[in-house]
Amino acid sequence: MHNLDGERLWYKWEAIRFNRGPSQFSLKDLQELKAQLSRDLLRNNAAKKLTRGNLSGPQSRQFGMPQIRGGRMGFGVVGSPARMPGTPVKQARPQDGFDLPRMQESKVPVAGPSRVTYVGPSLDQDARKKRAYRYMYEKVSERSEVLDDRIDHFGELVKAYYDIEELGDPSAVTEEDVVVVGRIVPDAETAASAVKLNQASIMLESSRMMGSGARVPLRFDPGVNVRRGPRGVGGQGVFPGAIVALRGKNGGGGSFVASEILALPPLDPPSQVHVKSETGDSHFTMYVACGPFTPDADLAYKPLQSLVAKLVAEKPAVALLIGPFVDAWHPAIKTGDVDTPPRDMFRIELIDRLREFLDTSPGSLVLVLPSTRDILSDHAVFPQCELPRALCDDPRIRLLPNPARFTLNGVHFAASSVDALFHLRKEEYFQRAGETEPLPASSATDAPDAMANLCRHILQQRSFYPIFPAPLELAHEINLDVTHSDLLYLCPHDDNDDDADGRTDPSRARCAPDVLITPSRLKHFTKVVDSTVAINPGWLTKSTYAVLEYAGHTGPGPAKDRTKVEIHRLEA
C-alpha cells in the first residue's frame, strides 16, 4: 500500500525519532510508524482530489457549450444533439482549469542552424543522476577509499612514465633510495589552525596498499632536483592534497628525506579533431564572463546589461556565463531586502536579456555554468550539477554542471566557477630545487611565472580542485564533497577507453583541455601553460571579461597556435 523500500522506511523512522535520542527499533515504533504513514497517505489523497483538470479531460472538451434548462449540457432533448454552436472562449485562464504551460509550448524558441558544433556533458539519465547525487550522506570509509584510489592511480602512472618496477613505502627504513608516491598533508598542529604549510610541517601520506596509510614527516635534501619538470621554474610547489612522486629514503630518523622530485606525467595533448559547424565554418568568437553580475550596492544588474549590449552589438557565436547569477551572499538577499523572488529575478535579469541577444544573433549559443553561491541551485556542494531545466527551456541556452568539459568545433574547453587559483596561492609552499632532464618550453610565451605555475598544478594534478582539505578560513566557499571527487577530475581514472577523444562526452576525454577557464579574484590574465590556454576573466563587477577568437582549422599544430584571447573592460 505504501510502496516504500528499506532505505526510505529508515528515513521515515529517523524523522519520527529525531528529537528522542538513540534507541532500538521496537514494536511500539513500528505501530507509530504505520500510523504516521497512514496519515501521510490520507493527506496526499485529499490533496489529489483538489487538483484541477486540464484540456485533456471530457469536461474540458464540452467547455463553452450552452447549458439547456431541463436537459443535459449541450443537448436540447434527451438523446438528440443540439445544433447550437459552442460559444468561443476569448482567453484561457488557469483558474478555469486550462493547462497553460502545454498551450504555450509552441511559443518556446526553436534553435536554428548553429554557428558552432557544441558537444557537452552527457544528458542520459545515468549521467544526470550521477551529477545530481545526494550529498551530506558521506561515509568515512567511502572518503578514505576515494583518497586512496587517487594515490594508487597516480602510482600506476608514475611507474609507467618512469619505467619503475615497484614503488616503496615511505615509512619503511631502507638503506637504498626508493621511489614513493603519496599525498602532501600538514601536521596536526598546522591543520587545526590557519597557518600556511611550511618546511617543518610537511608530511607525506601513503595509501593503504603502498604504505598502510601511514604519515611520515617529509624533508627535502639541500641538493634536491626536479626531474622532467618544465624548464626555468626553479623548484616545485606543494600544497595540502597534492600528489607527489619522490626519490629518497627513510634512514631511520623518523622522516623521509627526498633527494629528487619526480614531475608527474603530463596529460596527453588534445587530438586534432577537425569539426565544422552546421553553417560550414570552423572559426568562432567566444565571450567569457564570470559573476557576480551585479555589485553589492544594488540588484540592478548594470554590468550584465552592459555585457548584453556588447553581445548584441558584436554577435559572437558563443557566450559563456559563469555564476553566481542570483548570489546568496549578496547583502540585499542575505537580509531579505528584495521585492522580487529569486526565480523571477533570474528570468528577468538573465534569461530574458540573453534571449534578446539570441534573437538578434541567429545561430549563437549561450552556455550557463552555476556557482555554489547561486541561491536557485538545489546543489550547494562542489562538484555541482547543472541548474534545474525548469529555470530555462530555451534550446539556445545550454545549462552546464560545475565543473564542466565541453567542445566547440572540436576545441576542448574546461571550466569551473570555484576560485581554485586563490586557494592554491594561499596554501602553496614552493621548494627551491635544481633541474634534471627539464622539458623544453613549447613556445616563447611559456615563460614561467606564479600564475602559470598555479594553472600547471590543476593540469598536473588532473583535478579542477586538487587541494585537500580546503583551507580552513575558505572552506565555506567550496563545500567540497570528497566522495564524488571523480566529477572533479580533468580526465577519468578508470580504464574505459570507449571515448578517449571525448567526441560524444568531453568529460570522458583523456587529453588536456585546449582552453582552461578558471575565474579568480586574483588579477585577470591569459597565459599559455604547456599546450593549454589558461584564462582568468576576472569578475564582471570589476568590469572585466574575456574574448576568445579561434581562427579555425587553418593548419596543423595545437589549437593554442590558432587561439587568441584578450581581456576587455566594460565601457563606463
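Preceding block: the structure.
Since this is a predicted model, take the numbers as computed values, not measurements. (Residues numbered from 1 in each chain as written. Predicted model: local features only at pLDDT ≥ 70, side-chain atom pairs only at ≥ 80, totals over all residues. Heavy atoms only, no water.)

Chemist: Would you take a moment to explain the pattern of salt bridges for this structure?
Modeler: Once the charged atoms of two side chains with opposite charge are near each other, the side chains can pair. In total, this model carries 28 salt bridges according to the counting rule given. Here Glu437 makes a salt bridge to Arg227, at a shortest N to O gap of 2.9 Å. Here Glu437, found in the loop between β17 (434–436) and α13 (450–461), pairs with Arg227, found in strand β6 (residues 215–227); they are 210 residues apart in sequence, far enough to count as distant. Exposure remark for Glu437: the relative accessible area of 43% places this residue in the partly exposed category. We note a salt bridge from Asp327 to Arg373, for which the minimum N-O separation is 2.3 Å. On the criterion of sequence distance, the pair formed by Asp327 in the loop between β11 (318–322) and α10 (331–335) and Arg373 in the loop between β12 (365–369) and β13 (397–399) is long-range, its members being 46 residues apart. Just as Asp327 is buried, Arg373 falls in that class too. (Salt bridge = Lys/Arg side-chain N within 4 Å of Asp/Glu carboxyl O. Helix = DSSP H or I, 4+ residues; strand = E, 2+ residues; numbered from the N terminus. Buried < 20%, exposed > 50% of the residue type's maximum accessible area, 1.4 Å probe, protein only.)

Chemist: Is there a simple way to think about helix α6 (residues 140–162) in this case?
Modeler: Since one α-helical turn is 3.6 residues long, residues separated by three or four positions face the same way. With 23 residues, α6 extends 33 Å from end C-alpha to end C-alpha; this agrees with the ideal 33 Å at 1.5 Å per step. For α6, the complete set of buried residues consists of Val146, Leu147, Asp148, Arg150, Ile151, Asp152, His153, Phe154, Gly155, Val158 and Tyr162. Positioned one or two residues after α6, Asp163 has a phi angle of 55 degrees, which is positive. (Expected span 1.5 Å × (residues − 1).)

Chemist: What is the right way to read the packing of aromatic side chains from this model?
Modeler: Two aromatic rings, taken as a pair, are described by how far apart their centres are and by the angle between their planes. Here the structure, examined in full by the defined rule, presents eight aromatic pairs. Ring plane angle 85 degrees and centroid distance 4.9 Å describe the contact between Tyr161 and Tyr162, whose orientation is recorded as edge-to-face. The partly exposed category is assigned to Tyr161, whose relative accessible area is 28%. A residue is classified by how much of its surface remains accessible, and Tyr162, at 13% relative accessible area, is buried. Ring centres of Tyr287 and Tyr545 lie 5.7 Å apart, and the angle between their planes is 20 degrees; this geometry places the pair in the stacked category. Note that Tyr287 is positioned in strand β10 (residues 284–290) and Tyr545 in strand β21 (residues 544–550), a separation of 258 residues in sequence. Each member of the pair, Tyr287 as well as Tyr545, carries the same accessibility label: buried. (Phe/Tyr/Trp six-rings, centres within 6.5 Å; stacked < 30°, edge-to-face > 60°.)

Chemist: For this particular structure, what's the right way to read the pairing of strand β15 (residues 411–415)?
Modeler: As a general feature of sheets, a regular strand has side chains that alternate between the two faces. Counted residue by residue, β15 has five buried out of five residues, so it is predominantly covered. When strand β14 (residues 404–408) meets β15, the two strands line up antiparallel, connected through five bridges. Looking across to β15, one finds that Leu408 is bridged to Val411. Counted between consecutive antiparallel strands, the loop separating β14 from β15 contains two residues, among which Asn409 sits at a positive phi close to 55 degrees. As defined by bridge partners, β15 adjoins strand β18 (residues 515–517) across three bridges and the pair is classed as parallel. By the bridge assignment for β18, Ala415 is matched with Ile517. (Pairing = 2+ DSSP bridges.)

Chemist: Before we go on, may I ask you to explain helix α9 (residues 302–314) in this structure?
Modeler: Taking 1.5 Å of rise per residue, the 13 residues of α9 would be expected to cover 18 Å, and the 18 Å separating its terminal C-alpha atoms lies within 8% of that figure. Buried within α9 are the following residues: Pro303, Leu304, Leu307, Val308 and Leu311. Buried residues along α9 cover an arc of 135 degrees about the axis, so they all sit on one side. Exposed and facing more than 90 degrees away from the buried side of α9 are Lys302 and Ala313. Elements that come into contact with the buried residues of α9 comprise β10, β11, α11 (342–360) and β21. One or two positions beyond α9, positive phi appears at Lys315, with a value near 55 degrees. (Arc of directions from axis to C-beta. Contact = heavy atoms within 4.5 Å.)

Chemist: What exactly am I supposed to notice about the nonpolar core here?
Modeler: Note on soluble globular proteins: their nonpolar side chains tend to be buried together. Counting residues in hydrophobic clusters, the biggest one holds 47 residues, and the most contacted among them are Ile184, Ile202, Leu204, Leu218, Phe220, Leu246 and Tyr465. Secondary structure elements with two or more residues in this core: β4 (178–186), β5 (202–205), β6, β8 (243–249), β9 (256–262), α12 (420–427), α13 and β19 (525–529). No other element matches α13, which puts six residues into this core. Once residues within four sequence positions are removed from consideration, Leu246 is found in contact with Val178, Val179, Val180, Leu204, Leu218, Phe220, Phe256, Ala258, Glu260 and Ile261. In this structure, Tyr287, Tyr301, Phe325 and Leu570 belong to the second largest nonpolar core, which totals 32 residues. (Core = buried A, V, L, I, M, F, W, Y, C linked by side-chain atoms within 4.5 Å.)

Chemist: How should the sheet that holds β11 be read in this particular structure?
Modeler: Strand order across the open sheet formed by six strands is β13-β12-β11-β10-β21-β22, with mixed pairing between neighbours. Here the strands that pair on one side only, and so sit at the sheet edges, are β13 and β22 (563–569). Across the sheet, the mean angle from the axis of one strand to that of its neighbour is 20 degrees, orientation sign disregarded. Judged from the three bridges that link them, β12 and β13 form a sheet pairing that is parallel. When the sheet's bridge partners are listed, Leu367 is paired in β13 with Arg398. Docked against the sheet, α9 engages β10, β11 and β21, running at close to 175 degrees with respect to β10. (Axes fitted to C-alpha atoms, helices over the stretch in contact; angles between N-to-C directions.)

Chemist: When you look at unusual backbone geometry in this model, what are you seeing that I'm missing?
Modeler: The linkage connecting Gly291 with the following residue, Pro292, adopts the cis geometry, with an omega of 10 degrees. Backbone torsion omega between Phe468 and Pro469 reads -5 degrees, so that peptide bond is classified as cis. Residue Ser543 is not a glycine yet carries a positive backbone phi of 70 degrees. Along the chain, Ser543 turns up in the loop between β20 (532–536) and β21. In this structure Ser543 comes out as partly exposed when scored by relative accessible area, which is 27%.

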